[in-house]
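Per-entry structural report
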Amino acid sequence: MAGTAGAVGNNGIGVTGVAWNVSIMGLKIADRFGALQLSAIVAATDYATAMLQRGINLAALNASYGGIAGEFFTNAPEGFPEARGAFLRGLNAGGTPVA
């Protein structure tokens, strides 16, 4: 996602993003083994919400973590109420979650 959004073009590497002059806030949610914890997802989302409330310009919150641990959601295809609550707090603060 980050490369698609912010890769700088005309640099001889061969990849170009859609926004060459962008800042990306990376928030780690997986442990060193790639396992996801619901508490980490909620904490990262709440951190992004806090940054929005402080006036940091966040255009979107990418929530496509299934690619790193697809089985995490296999047992909960409807999602998790805790994560849903965190995203709703982000929406209420003016954020735009995307998946």
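1. Let's talk about the overall build of the chain
- Regarding its fold elements, the chain presents 4 helices and 2 strands.
- Helices (α) and strands (β) of the chain occur, in sequence order from the N terminus, as α-α-β-α-α-β.
- Put simply, the chain has 99 residues, and 27% of those count as buried.
- Residue pairs at least 24 apart in sequence account for 52% of intrachain contacts in the chain once pairs closer than 6 positions are excluded.
- Carbon and sulfur atoms make up 56% of the accessible area of the chain, which totals about 6700 Å².

2. Considering the environment of Ser39
- For Ser39, the location among the structural elements is in helix H2 (residues 38-53).
- A residue is classified by how much of its surface remains accessible, and Ser39, at 56% relative accessible area, is exposed.

3. Some thoughts on helix H4 (residues 81-92)
- Its 12 residues give H4 an end-to-end C-alpha distance of 16 Å, which sits within 8% of 16 Å, the value for a rise of 1.5 Å per residue.
- Three or more residues of H4 are buried, namely Ala83, Ala86, Phe87 and Gly90. Within H4, the buried residues cover an arc of 95 degrees as seen down the axis, which keeps them to one side. Exposed positions of H4 whose direction lies more than 90 degrees from the buried face are Pro81 and Asn92.

4. Here we look at the nonpolar core
- Grouped together as the largest cluster of nonpolar side chains are 7 residues: Ile29, Ala30, Leu36, Ile41, Ala44, Phe80 and Ala83.
- If we ignore the near neighbours within four places in the chain, the residues touching Ala83 are Leu38, Ile41 and Val42.

The rules behind each value
- Residues numbered from 1 in each chain as written.
- Predicted model: local features only at pLDDT ≥ 70, side-chain atom pairs only at ≥ 80, totals over all residues.
- Heavy atoms only, no water.
- Helix = DSSP H or I, 4+ residues; strand = E, 2+ residues; numbered from the N terminus.
- Buried < 20%, exposed > 50% of the residue type's maximum accessible area, 1.4 Å probe, protein only.
- Contact = heavy atoms within 4.5 Å.
- Areas by Shrake-Rupley, 256 points an atom, 1.4 Å probe, with all protein chains shown as cover.
- Expected span 1.5 Å × (residues − 1).
- Arc of directions from axis to C-beta.
- Core = buried A, V, L, I, M, F, W, Y, C linked by side-chain atoms within 4.5 Å.

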